[in-house]
Amino acid sequence: MKNTKIIIKTSSKNYPIYLGDKIINITGTLIKKKLPNVKKICIICDKKLPNLFLKNLTKSLKKYKIIIYKLSSTEKIKSFKVAYKITENLLKNNFNRSDCVISMGGGILGDLSAFVASITKRGIKFVNIPTTLLAQVDASVGGKTGINTDMGKNLLGTFYQPEFILSDMFALKSLPRREMICGYGEILKHSLISDRRFFLWLNSNAKKIIFNRDKKALKYAIYKSCKIKSYIIKKDEKEKNLRMILNFGHTFGHGFEGAKNFSKKLNHGEAVLLGMIVASKFSFSKKILSLNELNLIKKHYINLNLPMDINKVFLKKDINKIVKFAARDKKNVNEKINLILLNKIGKATKPGQFKIKIPEFKKFLTSVFH
């Protein structure tokens, strides 16, 4: 399979995404070419990754001094405690601004690693090697970093763009199906907010992506998602306006994750999928999304057996907890919940158009339960 290069353009930096099959072996070559002053590299990787991945990566980096952290990929590692421990070790090993942190894993590790790179000596080099579908189509692109607090998810963070992203599709072969569905949620989101034709293509090809892991279909879906996100962040890198449409389904989703204490009982992609179907229903209740469009979205979920029934995941007594976490979302203003909704498939509402008072948000959420 031919490798593809996508250029991400932002106001602070332009950088490439290299997309291909078994391309992790060229990491060292790319660093030598693009970052000639790197001498030390810290690899932060998912301890559950097959040993072959780390072996191939370190083999390509044999000319550099390497520190390796193997971490469990759970939301609990996105903490000050873990970030502080890693930065202290980097400083102890005299990492300079010209040295590099490499993240190899999913979005959780990417968020943590990029945060560490951004605050160490006010910014050292960062390279992202996303190994989950969710990270390849969304989390690795755009420069958001973040750690969690007791108050909620990603409430502390920076904007920090990588030097380059290396998306190796070979990594997706070992992903559990649950993780494929998790990543598919973000692919579907990109189509719903921005590209109706892409949604119609997904109607015909989603099973190839999730169940067959068809390389051609997967590559197109990853490429298309990165292009959509790239277009949005080019116009609004720091999430002042347009970029907020990428949060379609996420305000509900973060509320759902928080209500489950950010545990593996409900992963991020599943929460976003639930959030998008609830946000679509809310769009219909606000008379901005037609019943026909809502039914098309529902049919898509049913055909793929995607999580869509809130009653299977939560009890009515969980509503207050969901509302509490949704109300803490970063995009909210003046004690109102700032929602991105749908006008139609392929077109989201403008950021700030729907600022919902908490009682109304709670009332609608209550109506979704049987």
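Check the entry above for the structure.
All of these numbers come straight from a predicted model, not from anything done at the bench. (Residues numbered from 1 in each chain as written. Predicted model: local features only at pLDDT ≥ 70, side-chain atom pairs only at ≥ 80, totals over all residues. Heavy atoms only, no water.)

**Q** Sorry if this is basic, but what is going on with the sheet that holds strand S1 (residues 4-9) here?
**A** Where strands meet in a sheet, backbone hydrogen bonds hold them as pairs that are either parallel or antiparallel. Reading across the sheet, the 7 strands line up as S1-S2-S9-S6-S5-S3-S4 and stay open at both edges, with mixed pairing between neighbours. Both outer strands of the open sheet, S1 and strand S4 (65-71), are each paired with one neighbouring strand and no more. Direction aside, the axes of adjacent strands within the sheet are offset by 15 degrees on average. By the bridge criterion, 7 bridges tie strand S3 (residues 40-46) to S4 in an arrangement that is parallel. Bridge pairing links Ile 41 to Ile 66 in S4. Relative to the sheet, helix H1 (residues 27-34) contacts strand S2 (14-20), S3, strand S5 (100-105), strand S6 (125-130) and strand S9 (164-168), its axis offset from that of S9 by approximately 165 degrees. Sitting on the sheet, helix H3 (residues 80-92) touches S3, S4 and S5, and the angle it makes with S4 is about 165 degrees. (Pairing = 2+ DSSP bridges. Helix = DSSP H or I, 4+ residues; strand = E, 2+ residues; numbered from the N terminus. Axes fitted to C-alpha atoms, helices over the stretch in contact; angles between N-to-C directions. Contact = heavy atoms within 4.5 Å.)

**Q** What am I meant to see in the pairing of S2 here?
**A** Looking down a regular strand, the side chains alternate between one sheet face and the other. Within S2, 6 of the 7 residues are buried, which leaves the element mostly enclosed by the surrounding structure. The loop that links S1 with its antiparallel partner S2 comprises 4 residues. One ladder, built from 4 bridges, connects S2 with S9; its direction is parallel. If you follow Gly 20 over to S9, its bridge partner there is Asp 168. (Buried < 20%, exposed > 50% of the residue type's maximum accessible area, 1.4 Å probe, protein only.)

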